[in-house]
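Okay, here's what each chain looks like letter by letter:
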Amino acid sequence: MSTLAHTMMTAARSADSGLAGPGELDRYPYGEAPAADRVGVPSWDGADQELGRVGRRASGSRGRGLHGQLVQQLGQMIVSGDLGADRPLVPEEIGQRFEVSRTVVRESLRVLEAKGLVSARPNVGTRVRPVSDWNLLDPDIIEWRAFGPQRDDQRRELSELRWMIEPLAARLAAGHGREEVQQRLCDLVEVMSHAMAQGDALTYSRADNEFHGLLIQIAGNRMLEHLSGIVSAALQVSGGPVTGCDRPNEASLAQHARIVDALGTGDGAAAETAMRQLLTVHPEVERVVPAPREH
């Protein structure tokens, strides 16, 4: 190994010291792809030049340091189709392309494998998996799809899924209300009202996110509660169909308030209706949820 390569790898490890040490690398089952398969390895030269050095990315990427940034980069490339299904991913080549250590590459591939984006098998190596194997409910994948070529489909699917999940959660929550939760929901509506008056979109978004997440958590259904990440991810994805949550106004605030009032009186039907009205796509948008799917 050249002195330059050794220096680069050492620096990358130091920047992300929370990962496995050099002695733990062989515990990860990503073997190098057989020579015959390396004809189809991905060409990194056509990728956006901004992806060239992961260390230059902004710190806003999910995860910490080089590890989180590489997960973000590779995940986006897979979801966008830049790295198609069954393409071999050789850790050594990824490390050279993005100028990161083997440790960072292998830990990043481990995360992507957990999301269903890649698979690793002995004597075969690491390959990109087809869309049918992806964990499409993973918040990262939701975000990557929402800002990639599949953005329109992703945002429509999210709107439809929320339309199925949240009205039911609102109905169930009406039977599980607690005084402190009721007060918190009231407070959140006030925060959204004040934020809207001040033109503070960030505060409004955070309060709205907490409102919908809390509603699902008090529904009393643990399986629904596990879907709260989908709602959170959907609320952070802008564009697409415009619902009452996407376009803050007096009508949107009124629907939030009606949901809170219905929960306070234990009226599940009213809470469900208010939530459906809040999530219904505005008339000026071509598609109204839930419209019949076109075939």
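The rules behind these values
Residues numbered from 1 in each chain as written. Predicted model: local features only at pLDDT ≥ 70, side-chain atom pairs only at ≥ 80, totals over all residues. Heavy atoms only, no water. Helix = DSSP H or I, 4+ residues; strand = E, 2+ residues; numbered from the N terminus. Contact = heavy atoms within 4.5 Å. Areas by Shrake-Rupley, 256 points an atom, 1.4 Å probe, with all protein chains shown as cover. Phe/Tyr/Trp six-rings, centres within 6.5 Å; stacked < 30°, edge-to-face > 60°. Lys NZ or Arg CZ within 6 Å of the ring centre and 35° of its normal. Axes fitted to C-alpha atoms, helices over the stretch in contact; angles between N-to-C directions. Parallel < 35°, antiparallel > 145°, perpendicular 65-115°, else oblique. Left-handed = near helix turned anticlockwise from the far one by under 90°. Pairing = 2+ DSSP bridges. Buried < 20%, exposed > 50% of the residue type's maximum accessible area, 1.4 Å probe, protein only. Salt bridge = Lys/Arg side-chain N within 4 Å of Asp/Glu carboxyl O.

A look at the overall build of the protein
When you go through the protein residue by residue, the secondary structure sums to twelve helices and three strands. Intrachain contacts of the protein at a sequence separation of at least 6 include 72% that bridge at least 24 residues. Accessible surface computed for the protein: about 15,200 Å², of which carbon and sulfur atoms make up 50%.

Some remarks on the packing of aromatic side chains
Considering all chains together, one arrives at zero aromatic pairs under this definition. The lysine or arginine in question, arginine 97, covers the ring of phenylalanine 98, its NZ or CZ lying 5.5 Å from the ring centre. Over the face of the ring belonging to tryptophan 163 we find arginine 276, whose NZ or CZ atom lies 4.2 Å from the ring centre.

Considering the packing of helix H8 (residues 201–217) against helix H10 (residues 228–236)
Following both chains from N to C, one finds H8 and H10 inclined at 160 degrees, their axes separated by 9 Å at the closest point. With respect to H10, the element H8 is oriented roughly antiparallel. Here the hand of the crossing between H8 and H10 comes out right-handed. Residue-level contacts link Asp208, Asn209, His212 and Ile216 of H8 to Ser228, Val231, Ser232, Leu235 and Gln236 of H10.

Some thoughts on the sheet that holds strand S3 (residues 125–128)
Here three strands make up an open sheet; going across it, the order is S1-S3-S2 and the pairing antiparallel. Of all the strands in the sheet, just strand S1 (88–89) and strand S2 (118–121) have a single pairing partner and so form its edges. Here S2 pairs with S3 via four bridges, running antiparallel. If you follow valine 118 over to S3, its bridge partner there is valine 128. The strands that helix H4 (residues 102–114) touches are S1, S2 and S3; relative to S2, the one it contacts most, it runs at about 110 degrees.

Observations concerning the environment of arginine 162
If you trace the backbone, arginine 162 turns up in helix H6 (residues 151–173). Using a relative accessible area of 6% as the deciding quantity, one classes arginine 162 as buried. Residues arginine 162 and leucine 227, 65 residues apart in the sequence, show an inter-C-alpha distance of 9.7 Å.

As for the environment of glutamine 277
Relative to the helices and strands, glutamine 277 is located in helix H12 (residues 268–279). Here glutamine 277 falls in the partly exposed class, since its relative accessible area comes to 44%. It is 9.7 Å that separates the C-alpha atoms of glutamine 277 and tryptophan 163, two residues lying 114 residues apart in sequence.

So, the pattern of salt bridges
Taken as a whole and assessed by the stated rule, the structure comprises 14 salt bridges. A salt bridge links arginine 106 to glutamate 92; the shortest N-O distance between them is 3.7 Å. Of this pair, arginine 106 sits in helix H4 while glutamate 92 sits in helix H3 (residues 91–98), and the two are 14 residues apart along the sequence. Here arginine 106 falls in the buried class, since its relative accessible area comes to 8%. Residue glutamate 92 is classed as partly exposed on the basis of its relative accessible area, which comes to 27%. Among the ionic pairs, arginine 156 bridges to aspartate 153, the shortest N-O distance being 3.5 Å. Remark: aspartate 153 and arginine 156 occur in helix H6; sequence separation between them is three residues, near one turn of the helix. In the salt-bridge network here, residues are joined through shared partners; they are Arg145, Asp153, Arg156, Glu157 and Glu160.

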